[in-house]
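So the chains spell out like this:
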Amino acid sequence: METFSRFFPHYPFQDIQLVQYGQENCDPGHHFGPYVRDFYLMHFVTEGRGRFHIQGEEYRLTVGDLFLIPPDVLTFYQADVLSPWHYTWIGFRGTLLPGFIEAAGLRENAPTLRYSHVLWEALSNVIHHAENSGFDSLTTVGHICFFLEELIKCNKRREPCKVGPHRYIQEAVTYIDQHIYERISVSQLARMAGIDRSYFCSIFKQYQGISPQQYILDLKISKAKSFLKTTDVDIRYIADSLGYGDLFTFSHAFKQRTGLSPREWRTRYGSAVDVP
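Sequence order as written defines the numbering, with residues in each chain counted from 1. A pLDDT threshold of at least 70 governs which residues receive local features in this predicted model, and a stricter bar of 80 or more applies before side-chain atom pairs are shown or counted, although totals over entire chains, interfaces and linings include all residues. No hydrogens and no water enter the side-chain calculation; it runs on all heavy atoms of the structure.

1. Here we look at the overall build of the protein chain
Moving on, step 1. Within the protein chain, the secondary structure is distributed over 10 helices and 10 strands.
Moving on, step 2. Any two residues whose heavy atoms approach within 4.5 Å are treated as being in contact. Taking as baseline every contact in the protein chain between residues at least 6 positions apart, the subset at least 24 positions apart corresponds to 71%.
Moving on, step 3. Accessible surface is estimated by sampling points in the Shrake-Rupley manner with a 1.4 Å probe; for residues, cover comes only from the protein chains shown. In the structure as shown, the protein chain presents an accessible area of about 14,000 Å², 51% of it carried by carbon and sulfur atoms. Elements are defined by DSSP. Helices are runs of H or I of four residues or more, strands are runs of E of two residues or more, and each kind is numbered from the N terminus.

2. Focus: the packing of aromatic side chains
Moving on, step 1. Stacked, tilted and edge-to-face are the three classes applied to pairs of Phe, Tyr and Trp rings, where Trp contributes its six-membered ring and a pair requires centres within 6.5 Å; stacked means planes under 30 degrees apart, edge-to-face means over 60, and tilted covers the rest. Taken as a whole and assessed by the stated rule, the structure comprises 21 aromatic pairs.
Moving on, step 2. To sit over a ring, a charge needs its Lys NZ or Arg CZ within 6 Å of the ring centre and within 35 degrees of the ring normal. Taking NZ or CZ as reference, Lys-220 lies 5.7 Å from the ring centre of Tyr-244, over its face.
Moving on, step 3. Over the ring of Tyr-237 we find Arg-236; its NZ or CZ atom is 4.9 Å from the centre of that ring.

3. A few points about the sheet that holds strand E3 (residues 31-35)
Moving on, step 1. Note on pairing: DSSP must find at least two bridges between two strands before they are called paired. Here 4 strands make up an open sheet; going across it, the order is E3-E8-E5-E6 and the pairing antiparallel. Either end of the sheet is taken by a strand with one partner, and the two such strands are E3 and strand E6 (57-62). Taken over all neighbouring pairs, the strand axes of this sheet differ in orientation by 15° on average, direction set aside.
Moving on, step 2. As paired strands, strand E5 (residues 49-54) and E6 are joined by 6 bridges and run antiparallel to one another. To obtain an axis, a line is fitted to C-alpha atoms, over the contacting stretch when the element is a helix, and the angle between two such axes runs from 0 to 180 degrees between their N-to-C directions.

4. Let's talk about helix H3 (residues 138-153)
Moving on, step 1. Multiplying 1.5 Å by the helix residue count minus one yields the expected span of that helix. Look at H3: 23 Å from first C-alpha to last across 16 residues, which is about the 22 Å you get at 1.5 Å a residue.
Moving on, step 2. Burial classes follow relative accessibility: with a 1.4 Å probe on protein chains only, a residue under 20% of its type's maximum area counts as buried, one over 50% as exposed, and anything between as partly exposed. Taken as a whole, H3 has its buried residues at Thr-140, Val-141, Ile-144, Phe-147, Leu-148, Glu-150, Leu-151 and Ile-152.

5. Some remarks on the nonpolar core
Moving on, step 1. Throughout this description, the term nonpolar core refers to a set of buried Ala, Val, Leu, Ile, Met, Phe, Trp, Tyr and Cys residues connected via side-chain atoms within 4.5 Å. In terms of nonpolar packing, the biggest core is built from 36 residues, with Ile-176, Phe-200, Phe-204, Ile-238, Leu-242 and Phe-250 touching the most fellow members.
Moving on, step 2. Looking at this core, the elements that each hand over two or more residues are helix H4 (165-178), helix H5 (186-193), helix H6 (197-208), helix H7 (212-230), helix H8 (235-241) and helix H9 (247-258).
Moving on, step 3. Here this core takes 7 residues from H7, the largest share from any one element.
Moving on, step 4. If we skip the residues at most four places from it in the chain, Ile-238 touches Leu-82, Ala-224, Phe-227, Leu-228, Val-233, Phe-250 and Arg-266.
Moving on, step 5. Counting residues in each nonpolar core, the second largest holds 28 residues, with Ile-16, Phe-92, Val-126 and Phe-147 among its members.

6. A word on the pattern of salt bridges
Moving on, step 1. Salt bridges, as used here, are contacts in which a Lys or Arg side-chain nitrogen is within 4 Å of a carboxyl oxygen on Asp or Glu. Within the structure shown, the criterion is met by 10 salt bridges.
Moving on, step 2. Linking Arg-51 and Glu-58 is a salt bridge whose minimum nitrogen-to-oxygen distance equals 3.5 Å.
Moving on, step 3. For Glu-58, a relative accessible area of 28% gives the class partly exposed.
Moving on, step 4. Linked through salt bridges whose partners overlap, the residues forming this network are Arg-51, Glu-58, Arg-60 and Asp-240.

7. Side note on the side chain of Thr-62
Moving on, step 1. Assignment of secondary structure puts Thr-62 in strand E6.
Moving on, step 2. The class for Thr-62 is buried, based on a relative accessible area of 10%.
Moving on, step 3. Each polar contact in these results corresponds to two N or O atoms within 3.5 Å; when the atoms are within protein, one needs to be able to donate a hydrogen and the other to accept it, and residues that are neighboring in sequence are counted only if both atoms are side-chain atoms. Side-chain polar atoms of Thr-62 contact the backbone oxygen of Gly-48, separated by 3.4 Å.
Moving on, step 4. When residues no more than four places from it in sequence are discounted, the contact partners of Thr-62 are Val-45, Gly-48, Arg-49, Arg-114 and Gln-178.

8. Looking at the pairing of strand E4 (residues 40-47)
Moving on, step 1. Across the 8 residues that make up E4, a large majority, 6, are buried.
Moving on, step 2. By the bridge criterion, 7 bridges tie E4 to strand E9 (residues 86-93) in an arrangement that is antiparallel. Across the sheet, residue Glu-47 finds its bridge partner in E9, namely His-86.
Moving on, step 3. Across 4 bridges, E4 lies against strand E7 (residues 65-69) in antiparallel orientation. Looking at E7, one finds that Leu-41 is bridged to Ile-69.

9. With respect to the packing of H7 against H9
Moving on, step 1. Interhelical geometry of H7 versus H9 gives an angle of 100° and a closest axis separation of 10 Å. One way to sum up the angle between H7 and H9 is to call them roughly perpendicular. Within the contact between the two elements, H7 uses Gln-214, Leu-217, Asp-218, Ile-221, Ala-224, Lys-225 and Leu-228 and H9 uses Phe-250, Ala-253, Phe-254, Arg-257 and Thr-258.
Moving on, step 2. In this classification, the charged set is Asp, Glu, Lys and Arg, the nonpolar set is Ala, Val, Leu, Ile, Met, Phe, Trp, Tyr, Cys and Pro, and all remaining amino acids, among them Gly, are polar. By residue class, the composition of the contact of H7 with H9 is 7 nonpolar, 2 polar and 3 charged. Throughout this description, any angle smaller than 35 degrees is read as roughly parallel, any larger than 145 degrees as roughly antiparallel, any in the 65 to 115 degree range as roughly perpendicular, and the remainder as oblique.

In short, geometric facts, not functional conclusions.
Here's what the structure looks like:
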């Protein structure tokens, strides 16, 4: 596990203060917490997958996601067993931070966003100038302000612009592909598109040729086959990594789709032997 971090114990600016930043290439299953901090801490997932727990909720995250740890809130996060995440983090405090965070739509019950390329570049610039100009320089503070402005622009919870049906389906398919390791419901996809569930299902089948439920299942089973064939990871971990609540549900879905249980499929087609 490779790690680097910087921590700044002194705070010359009360409005916006850089507290720390760093990055980590996590080992499989590596976790941190439960822990509470006294500043805002954001993690940007750059590779792999993992899970984030806050206020009794779990969020499955992958490349392109960021998650926020607010001050004085107990959190826990863990790298995936099959594809452990790499992330870069940055921490702030200051009197202006709550307003910026609220404007970005981030809160305890909505702690994640998809980050843009521009926001990632802004983060890189903050770190670059903190390293070269000092974390307490006005140049660095200026780049932090630009970073926060771009963070607000990533807020997908603002009123969406009107788009045609094909755009709804393109965005839904992209979301499914990027979050296939999470629990995904059709109702959730319809809410994200801002349209009725029945209408969403109708136009999804019109454009994709199959129902959204079938699309999700087919993709999950395809990922499961890949894991079963190329790894010896315990089947219960594969089920968990694909967003299934328990091994029975996963095995039942897999057998319905393939005619074989996951263990039988691995025995017949896999190159690895299951670990009991």
